[in-house]
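Structural description and commentary
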Amino acid sequence: RVADVARLLDQGNAATSHPEFASVLDQLDGSIAFLEGHHDFCQAQAYLHQFEHLRSRACISVRSALQRSLEKSTAQVEQQLRERPAGDGSVDTQVFYTRFRAAGLNYRPLMSLLHKRTDVHETYGSTLDELEAFYVHLRLRLVATPVTSHLQGVLRKDLQLRELAPATRQASSYILDVSHFEQQCFESYFELRQPQESLRTLLERVADIFYQALRPLVIGCDAIESLREMADCLQMDILEPHQQGGSSRGALVPVLGVVYRLHRDVQERLIFCVQNYIREEIKGYQVLPSDLEYPSMLFDAAPDRHASATSSTAAGTEDGGAASLGAAAALQRGWFPTMQRTLGILEKIYRVLEMSTFQGLAQEAVDLCIFSLKQASSELARRPLPPTAGAGPTKQALTTLTQAIDSHLFLIRHLLALRERVAAFECDLVVNEKYFNFSNVWEAMQFKLPDGLLGILKPTVSYSQVDSKKDIEAELKTACEALITNVTAHITQPLASLNGQISDFLGRPGVNRMSLKDQPFMAADTLRDVVAAFLANVRHRVPFASAHIRMYLAAGVGAVSSAAAAAAAAAAGRGGAAKASSEHGQSTASILFKPVEMRLVDTWGRLEGLFEECQVDSSELDALGFIRPSALRELVASLFESTMSAPWPQLVEIVSQVPRTKAAVGAAPARSIAAAGSVSLGATPPAPPLAPPATDAGVPAASEAAAAGEAAPSAGASPVSPPVVPSQPVPPPAVPSSTIPAVEGAMPEGGGGEPPVPPALVV
């Protein structure tokens, strides 16, 4: 009856603990449902209002009882906090939850009654929402200040940058524990439902304390290493472990959302700092004279030292970390600073940023690195060398060769290392650019109006693609071709005058080729001097160039390129991958020097063919000091191999035959890479190329023979092309990539045009 229910509710808070309280609610809900379905009963409307009033009183009793219990528990915890010792700044976390969980055992059945009846009437749902909101308000008032104080203690003002990542890890673990405890405490009172806005608000507010404590440190941090470690900590320690499904992960979604927002802020700050680093430390790098002290800075970079450093690291010694750093420093010895910085910054941010973002930053950094290397190579080509007492033309020619070798090998060395390390990043360094073309505006100004008068307002959209990996390959190919051409031309320099005279004579109209041997420049004494000078160049400059190649490519490059060199040598059929793997860095030098050897032998074979056409017998050739092309090939190969196997001190002695001075960058104000103009490797004095031009007498140029894939004329064939280089320097013929074999061993043994150049020294 109404009177009985009213009498029970008049007991106040005691009514909620009455054993018949649940049955009273059931009777009220049943009576209200019955009266709502029978409005025609006598006094149905009056009784319906009374029962609804009693249901509202029951909900108010439940709300009042729980609110008083929560306020009492809060007051007890606050009193316990006030009674703690004055100097004790630490508080046991369980203090904030023990009393609440104990009280929650008595009131959870009441909350279950409300939760089960939320679909019966909105009064139950609104009462439950009010109680949850009141609970969240008290919990935030209780824990906000202690949590903030604890985080401020962890993230103190005098925190060092190296301590930022450990402090972030500690603060993250703490806030996850607090969120987990808050969730458990909430569940001790209320049943979880969807959506649970009150619990979401509680966890978001607690996590926001963590966010507000860390965000100022993120904004004020400029250290890339600290930001990288901080991003890695948030990703690996918090976000990724909770990627898997589960009830705990679902309840902590609000906290993970706030942590993810902080992680994005750290990434944005890291991107900003990396962009500044690329702009200031790579693009704006000021080249110093000490940066270009090549090859002297490679003298102490013997490969055996690299091997010993690596083996000590692999052996797992007590100071393994220091040994690892020592091995890395030994490997990077002699690297240009911009390449060290480029690879260092890319290694730091790899897999920390999203792949698309990393790809854009890496492409920009690699492009600037390539540009800086080309600029430094140009500086080396212009570097003046100190005069040597009693230096003659031969010494002067060797000086010119030294400038060219230093310039090209510097670029090859760095591009090889850059290519190998960029390939380790599993991404394509390709950037698609879109820009507007306003060229039609100029046409409109010239009274050429396309599409009417509105044509000037319709710019065209153009697209371009920048591939840094292809740029590295192209620059490497160009540098290798330039080195091979310069070395070959300097060695064959004694034949340049003879070749020019032969070309001029054969170019006369109606000339009798049989009278060539009667010309003054074909006299025995002249030919003997030319042959002797050429062979002297071979014996002196082949070891000189080989020593430079070995030093530049063995110091800091051989360990990187050994596997790739093995693949290239196996493709060339020169001993297979096993042999190339054993050669390591020397395999790279062999691939680079092989075209030089082939060009020298091919040029010498042309000279032999000319002598046979002039009917010079073997005794006369022996009197001239002439050797057969096969003997020349063996001589060049033996000189190269002996240099490759020479001790490192002897190698240093050979390279030091031409003393160097510091680069010329110190003579003028230091320039940054951004301020430098276009870089050209043509600063090296041009040396005459090997391939002779085509003449009216029907002599094919070497480049044409190579493009056509024809074999060199055999001994005694007629007509015979001029044997050596022209007297006037001409640019080397541009050979399309499709016509250049991938390996140097593809040319027939007997020569046939200009020997090919490896397209990019696939090492």
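Residues numbered from 1 in each chain as written. Predicted model: local features only at pLDDT ≥ 70, side-chain atom pairs only at ≥ 80, totals over all residues. Heavy atoms only, no water.

Regarding the overall build of the protein chain
Selection criterion: Strands here are runs of E lasting at least two residues and helices are runs of H or I lasting at least four, both read from the DSSP assignment and numbered beginning at the N terminus. Each residue is placed in one exposure class: buried if its accessible area under a 1.4 Å probe, protein chains only, is under 20% of its type's maximum, exposed if it is over 50%, and partly exposed if it falls in between. Note on definitions: a residue-residue contact is assigned when non-hydrogen atoms from the two residues lie within 4.5 Å. Only the protein chains shown count as cover for residues, with accessible areas throughout obtained via the Shrake-Rupley method and a probe of 1.4 Å.
If you tally the helices and strands in the protein chain, you get 26 helices and two strands. Here the protein chain holds 763 residues, and the buried ones make up 47% of them. A separation threshold of at least 6 residues defines the contact pool for the protein chain, and within that pool the share at least 24 residues apart is 81%. Of the accessible surface of the protein chain, which amounts to about 35,600 Å², a share of 54% is contributed by carbon and sulfur atoms.

Here we look at the packing of aromatic side chains
Heads up, the condition is: Centre distance within 6.5 Å is the pairing criterion for rings of Phe, Tyr and Trp, where only the six-membered ring of Trp is used; planes under 30 degrees apart are then read as stacked, over 60 as edge-to-face, and the remainder as tilted.
Evaluation of the coordinates by the stated rule reveals 17 aromatic pairs. On the basis of an interplanar angle of 20° and a centroid distance of 6.3 Å, the ring pair of Y294 and Y552 is categorised as stacked. On the criterion of sequence distance, the pair formed by Y294 in the loop between α10 (253-283) and α11 (303-314) and Y552 in helix α19 (residues 524-554) is long-range, its members being 258 residues apart. There is no split in this pair, since Y294 and Y552 are both buried.

Here we look at the side chain of R139
Condition: N or O atoms within 3.5 Å of each other form a polar contact, as long as, within protein, one can give a hydrogen and the other can take it, and as long as residues adjacent in sequence are counted only when both atoms are side-chain atoms.
Counting through the fold element by element, R139 comes out in helix α5 (residues 122-154). Within the structure, R139 has its side chain in polar contact with the backbone oxygen of F96 (distance 2.8 Å). R139 has contacts with F96, Y97, F100, E182 and L202, leaving out every residue within four places of it along the chain.

Observations concerning the pattern of salt bridges
Opposite charge on two side chains lets them pair, provided their charged atoms get close. Note the following rule: Any Lys or Arg side-chain nitrogen found within 4 Å of a carboxyl oxygen on Asp or Glu counts as a salt bridge.
A complete count under the given rule lists 26 salt bridges for this structure. Among the ionic pairs, E182 bridges to R139, the shortest N-O distance being 2.8 Å. Here R139 lies in helix α5 and E182 lies in helix α6 (residues 164-187), a separation of 43 residues in the sequence. Here E182 matches R139 in class, with each residue buried. Here E225 ties to K348 by a salt bridge, and the two come within 3.9 Å at their closest N and O atoms. Here K348 lies in helix α13 (residues 337-349) and E225 lies in helix α8 (residues 224-239), a separation of 123 residues in the sequence. The exposure class of K348 is partly exposed, given its relative accessible area of 35%. It is possible to trace a salt-bridge network through shared partners that takes in D129, E132 and R193.

A few points about the confidence of the model for the protein chain
Detailed reading of the predicted coordinates is not advisable wherever pLDDT is low. Applied cut-off: One number per residue, pLDDT, summarises how confident the predictor is, and it ranges from 0 to 100.
The pLDDT averaged across the protein chain works out to 74; a share of 69% of its residues lies at or above 70. Mean pLDDT across the elements of the protein chain bottoms out in helix α26 (residues 702-708) (32) and peaks in α10 (93). Between residues 309-327, whose pLDDT stays under 50, and residues either more than four places distant or in other chains, the model counts nine contacts. Low pLDDT, under 50, characterises residues 677-763; the predicted model gives this stretch 187 contacts beyond four residues in sequence or across chains.

Some details on the packing of helix α7 (residues 197-220) against α10
Rule in force here: Fitting a line to C-alpha atoms yields each axis, with helices limited to the stretch in contact; the angle taken between N-to-C directions then spans 0 to 180 degrees. Orientation labels follow simple angle bins: below 35 degrees gives roughly parallel, above 145 gives roughly antiparallel, 65 to 115 gives roughly perpendicular, and whatever is left gives oblique. Definitions for this section: a left-handed crossing has its near helix turned counterclockwise from the far helix by less than a right angle. A right-handed crossing has that turn clockwise. In this count, Pro and Cys sit with the nonpolar residues alongside Ala, Val, Leu, Ile, Met, Phe, Trp and Tyr, while Asp, Glu, Lys and Arg are called charged and the others, Gly among them, polar.
Two elements in contact, α7 and α10, have axes whose closest approach is 8 Å; the angle formed by their N-to-C orientations is 15°. Of the possible angle classes, the one that applies to α7 and α10 is roughly parallel. The handedness of the crossing between α7 and α10 is right-handed. Here R200, L203, E204, A207, D208, F210, Y211, L214, R215, V218 and I219 of α7 come into contact with α10, specifically with P254, V255, V258, V259, R261, L262, D265, V266 and R269. Its residues assigned to classes, the contact of α7 with α10 comprises 13 nonpolar, no polar and seven charged.

Some details on the environment of L214
By the element assignment, L214 lies in helix α7. Among all residues touching L214, those that are not within four sequence positions of it are L155, T168, M230 and L262.

Some remarks on the packing of α6 against α7
Where α6 meets α7, the axes come as close as 10 Å, and the angle between the chain directions of the two elements is 165°. Judged on the interaxial angle alone, α7 and α6 are roughly antiparallel. The crossing of α6 and α7 is right-handed. Contact with α6, carried on its side by L164, T168, A171, S172, I175, V178, S179, E182, Q183 and F186, involves S198, L199, L202, L203, V206, A207, F210, L214 and L217 of α7 and no other residues of that element. Taken together, the residues that form the contact of α6 with α7 break down as 13 nonpolar, five polar and one charged.

Comments concerning the environment of F371
Relative to the assigned elements, F371 resides in helix α14 (residues 355-381). Each C-alpha atom, one on F371 and one on K283, is 8.9 Å from the other, the two residues being 88 residues apart in sequence.

Here we look at α13
Note the following rule: By this rule, a helix spans an expected 1.5 Å times one less than how many residues it contains.
Helix length check: α13, at 13 residues, gives a terminal C-alpha distance of 19 Å against a target of 18 Å (1.5 Å per residue), a fit within 8%. When we look at burial in α13, the residues that qualify are P337, T338, M339, T342, L343, I345, L346 and I349. One or two positions beyond α13, positive phi appears at R351, with a value near 70°.

Here's the deal with the environment of I238
You can see I238 is positioned in helix α8. Note on I238: relative accessible area 1%, which makes it buried. Along the sequence, I238 and S172 sit 66 residues apart, while their C-alpha atoms lie 7.4 Å from each other. The residues contacting I238, other than those within four sequence positions of it, are S172, L176, C233, L256 and V259.

Concerning the nonpolar core
Definition in use: What we call a nonpolar core is a set of buried Ala, Val, Leu, Ile, Met, Phe, Trp, Tyr and Cys residues that are connected through their side-chain atoms within 4.5 Å.
Counting 186 residues, the largest nonpolar core has Y135 and I412 as its most contacted members. The greatest single-element share of this core, amounting to 15 residues, is contributed by α19. Setting aside residues no more than four positions away along its own chain, Y135 makes contact with L70, F100, E182, C185, F186, Y189, F190 and L202.

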